[in-house]
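# Structural overview for review
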Amino acid sequence: MDSPLPIGAGSGGFKALKLLTVKPTDPFPEGVTGVQHGVLENGLHYYVRRNPKPRLRAALALGVRVGSVLEEEEERGVAHILEHLAFSATKQYTNHDIVRFLESVGAEFGACQNASTSPDETIYDLFVPIDKPELLSQAISILAEFSTEIRASEEDLEKERGAVLEELRIGRNALGRMQEAHWLLMMKGSQYADRQPIGLESVVRNVSAKTVQEFYQRWCRLNHMAIVAVGDFPDTNAVVNLIKTHFGHKRSPVTEGPPREIPLLPVPPHEEPRFSCFAEAEAGGSAVTISCKIPASDVSTIADYWYMLAEGMFHNALTQRFFKISRNQDPPFFSCSSISESFVRPVKAYIMSANCKEKGTLQALESMLVEVARIRLHGFSEREIALERAYLMADIESAYLEKDQMPSTNLRDEYLQTVEPRARVTQEDLKAVLYKVEALESRRDIPPWDEELIPDDIVEKIPAAGSIVTSTEFPEFSATELILSNGMRVCYKCTDFLDDQVLIHGYTYGGLSEVLERDFLSCSMGSLIAGEIGVFGHKPSTLTDMLAGKRAEVGTKVGAYKRTFFGDCSPSDLEIALQLLYQLFVTTVQPGEEEVKLVMQMTREEIKAQERDPFTAYANRVRELNYGNSYYFKPVTARDLNKVNPKKACEYFDNSFRDPSSFTVAIVGNIEPAKAVPLILRFLGGIPKPEKPIMEFQRDELKALPFTFPDGVIREEVRRHMVEAQCSVQMTFPVEFKGPRVMVEVHFTGFICKLLETKIMQVLRFKHGQVYSVSVSAFLGGSRPSRTGNVRGDVAINFSCDPDSAWKLVDLALDEVSRLQEEGPTQEDVATVLELEQRTYENGQQENGYWLDRLLRAYQSRVYTGDLQASFQAQEEWRSSVRSTLTPDTMKDALCRILPVPCRSHHTAVALMPKADRMTQLRELFSRPEKRLKMESKMLLATAGVLVLAAVVWRYSQRSS
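Notes on the structure in this doc start here.

Reading guide: rules and limits
Residues numbered from 1 in each chain as written. Predicted model: local features only at pLDDT ≥ 70, side-chain atom pairs only at ≥ 80, totals over all residues. Heavy atoms only, no water. Core = buried A, V, L, I, M, F, W, Y, C linked by side-chain atoms within 4.5 Å. Buried < 20%, exposed > 50% of the residue type's maximum accessible area, 1.4 Å probe, protein only. Helix = DSSP H or I, 4+ residues; strand = E, 2+ residues; numbered from the N terminus. Pairing = 2+ DSSP bridges. Axes fitted to C-alpha atoms, helices over the stretch in contact; angles between N-to-C directions. Contact = heavy atoms within 4.5 Å. Patch = residues over 30% accessible without salt bridge, like charges linked within 9 Å, V, L, I, M, F, W, Y side chains within 5 Å. Areas by Shrake-Rupley, 256 points an atom, 1.4 Å probe, with all protein chains shown as cover. Salt bridge = Lys/Arg side-chain N within 4 Å of Asp/Glu carboxyl O.

## A short note on the nonpolar core
Counting 126 residues, the largest nonpolar core has Leu-60, Leu-62, Tyr-124, Met-187, Phe-247, Met-731 and Phe-799 as the members making the most contacts within it. Judged by nonpolar contacts, the second largest core, of 92 residues, contains Ala-552, Ala-560, Tyr-582 and Tyr-859.

Now the structure itself:
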């Protein structure tokens, strides 16, 4: 066991790193490498690290080793409630002042500016700008407030109950119920089983402030906490001093008796397997989960690390086998994966999950178990191990090369179960499959894995290179444009943001809007069908093996007005990515019977799942209402699949990526032009240009999508049977931009959306406590991308809520929009949205994706006629002109100019509501006086009718006798 292990040895080896020879028993270095670490007198740990990406930003976190597992029965949900209260009120900040401060400095409240509660811990996250010294100090002071000063008065608690209840309601969808069933099965016999963080609805509704405060004081002590600060700090010692300033004087609350230590609560093992059959009416299909629970362990020696790597290789190799099985004729499942996951502090689990056809769970289960038994009997092949080693080494090398460029936020930071829409399988059925496979394994009646032949090269015959017709430099934004001999335009920009990233995006005009209605269904499925067969000259399962050890991904999309391809690769694998693009243009996809059968089967199961899903019905109705009952926006039904012509679908896809002459390609990343340009000429310039243009369209002549926003006001409820009541609401306003100021109006719309989102959130959540979150977004993609036409679209407000509150909240949101149109925002509101936009802009300038998007938008701009520099400059001018003129008055004018005035006069509002059963409807009918009166009248009339009928029958019987 003590023989040296060469980390990095194996087929191929590293491309840029040297091997390191170590002994398995060697321990890892003590302490935390590369981090300034210490402990304050009050017990708080701190970790500070300098990281230059992104510039002038810091990612902060307060970790509290207290979670829901420590709750008593009457406290179930209190740990999560405390997380909410932290942002609502502390000793120094009240009425969501913390949220307002974060937004005022450009740090949005949401994905990053939030917190999470798990069974074992609570984490508070902040991501803030630090270009002003006081910002970092105030952000650390906020985390210090969270440590000991969270306020939990009855008033504070009442304000947050609604938001917590809505979060609980959101989680009680089909996926949430299935996850809960799996959790209960995994954690059975431990306190973890009944301590999910969201808690009990009865506790959330009724828990007292005294109970919340007692939990906080009992467990949330400074010796159970650590603060982490990672950012572009000029001096980490100064950050440590700030931590000492804000945390040093804090003291844990005094409690009766000695302070409690965090207990390690066990999750007991069990000898016999556990089984569960879960019928879920709204499930997105049938599924099988196999879980194996094992004790969690620390990685403290090289041998531990080696085992962790081997564990990852095992799961990846098994998942790859499952993928190949899923693409066989009549597969037992459509997808299947194997992972290792840490559930709670004492245990982790190996989990295999498969999605399969309805009534197919037993077949899927047997296939999964047989594959595990096959590995126990025969192991993995040498080739499989070599492939996984190559993948692992590529990932390690990429991580090492970008170790100094990782975003600060990244650095901060045995069971069987089946699920079916309807009960079709019993626990005895599951046991029978398990015992069957055990018998096969004991008799060694499972053959070794059958390897398929894998070609050596992606491109069988290397093409002759094309040539450069023209080359243009753009020093203003450090880009170079090439026009190739086959007509393709390529623009590349060299950056140093990430050492191991190159992004590629190509597009041409003309998409599904040009297709005749009778061909639309087949053509719209071209990408799906062709993708399953293989659009790069090889089957997907084969291509996966061919790309082992290489970081190169390429995909395609056919939209309404454009056909696009996109890629992400390592600079060392740029040739591979370009070879895939070459193959995309020269491959002719032949729809085989089995491949088409598989695609149709998968699509049918997906459609069935959507038909069970209430949210799909809701989304379909919103789309139909706002864009018209057009063939383009209609959902595909199972009956529609019978009309699909696979040959036409593949022909359309082939033609979509056949003619290179109309494509524009942007490439951004760590590019060395001396190496990259010859590859571009070889594999992009080498794409043959057809004798006649194929699918050549002019952007100003594209066929517009047939959509029309309805007149007036429409309010609708989409009612569906639900296992548990859910409600989602979308309010939509039409927008249309005309004339030469179209792009200025587009920029104004972005600011308006952010203003509305911030203000409506303040009303619906912070004032009324009725929602968890609000989103406001603009959709402008429905208009054809001409240089002169008007731009039509909509602005949509989305939130989820209690079904009984939906229309009240719609009216409150409309009131706020109306108020802003009449009174305008405050200067503080304007400053906030300007700061949010500026910080997003600054962060984007340090990302390859941002610059790729800038290049594409410059080419697709309304002002672009061949001068990329002018188009680029126009983008900056539009943004700057809007920012420089943004005041309360100009925002008020924009709200009235862009949205309908008054907003109540022209909009749609659609709410997804639970459909009550008939007994509930009767109870509701009799509970409302006005309806009860009408019902009583109808019942009297009905009774009278019955009496008349009885009298007639009696008279007739008398005559007959």
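From this point on, the discussion continues.
## Quick look at unusual backbone geometry
In this chain, Lys-53 is followed by Pro-54 through a cis amide linkage whose omega measures -5°. Positionally, Pro-54 belongs in the loop between strand E4 (45-50) and strand E5 (57-64). The amide bond that connects Val-901 to the next residue, Pro-902, takes the cis arrangement and shows omega of -10°. A positive phi is found at Leu-56, a non-glycine position, where the angle reads about 55°. Mapped onto the elements of the fold, Leu-56 is located in the loop between E4 and E5. Using a relative accessible area of 41% as the deciding quantity, one classes Leu-56 as partly exposed.

## Here's the deal with the sheet that holds strand E25 (residues 907-914)
Taken together, the 5 strands give an open sheet; going across it, the order is E21-E25-E22-E24-E23, and neighbouring strands pair in mixed fashion. Looking along the sheet, the strands with just one partner apiece sit at the ends: strand E21 (713-720) and strand E23 (774-779). Across the sheet, the axes of successive neighbouring strands diverge by a mean angle of 15°, strand direction being ignored. For E21 and E25, the ladder comprises 8 bridges, and the chain directions are parallel. Its bridge partner lying in E25, Val-718 is registered against Leu-912. Contacts between helix H19 (residues 614-627) and the sheet are confined to E21, strand E22 (728-737), E23, strand E24 (791-800) and E25, with E25 contributing the most and set at about 165° to the helix. Here helix H22 (residues 742-767) sits on the sheet and contacts E22, E23 and E24; the angle it forms with E23, its principal contact strand, is near 165°.

## Observations concerning the side chain of Glu-816
Locating Glu-816 in the fold gives a position in helix H23 (residues 806-823). Among all residues touching Glu-816, those that are not within four sequence positions of it are Lys-759, Ile-760 and Val-763.

## Brief notes about the sheet that holds strand E17 (residues 502-509)
A sheet is described by the order of its strands in space; here 7 strands give the open sequence E14-E15-E16-E20-E17-E19-E18, paired in mixed fashion. Pairing within the sheet leaves two strands with one partner each, and these edge strands are strand E14 (468-474) and strand E18 (552-558). Put simply, the sheet's adjacent strands are angled 15° from each other on average, direction ignored. For strand E15 (residues 479-484) and strand E16 (residues 489-494), the ladder comprises 5 bridges, and the chain directions are antiparallel. Following the sheet pairing, Leu-482 is matched in E16 by Val-490. Where helix H17 (residues 574-586) meets the sheet, its contacts fall on E17, E18 and strand E19 (562-569), and the angle it forms with E18 comes to roughly 35°.

## With respect to a nonpolar patch on the surface
On the surface, a cluster of nonpolar side chains totalling about 220 Å² of accessible area is made up of Phe-28, Val-299 and Met-308. Here Phe-28 lies in the loop between strand E2 (20-22) and strand E3 (36-39).

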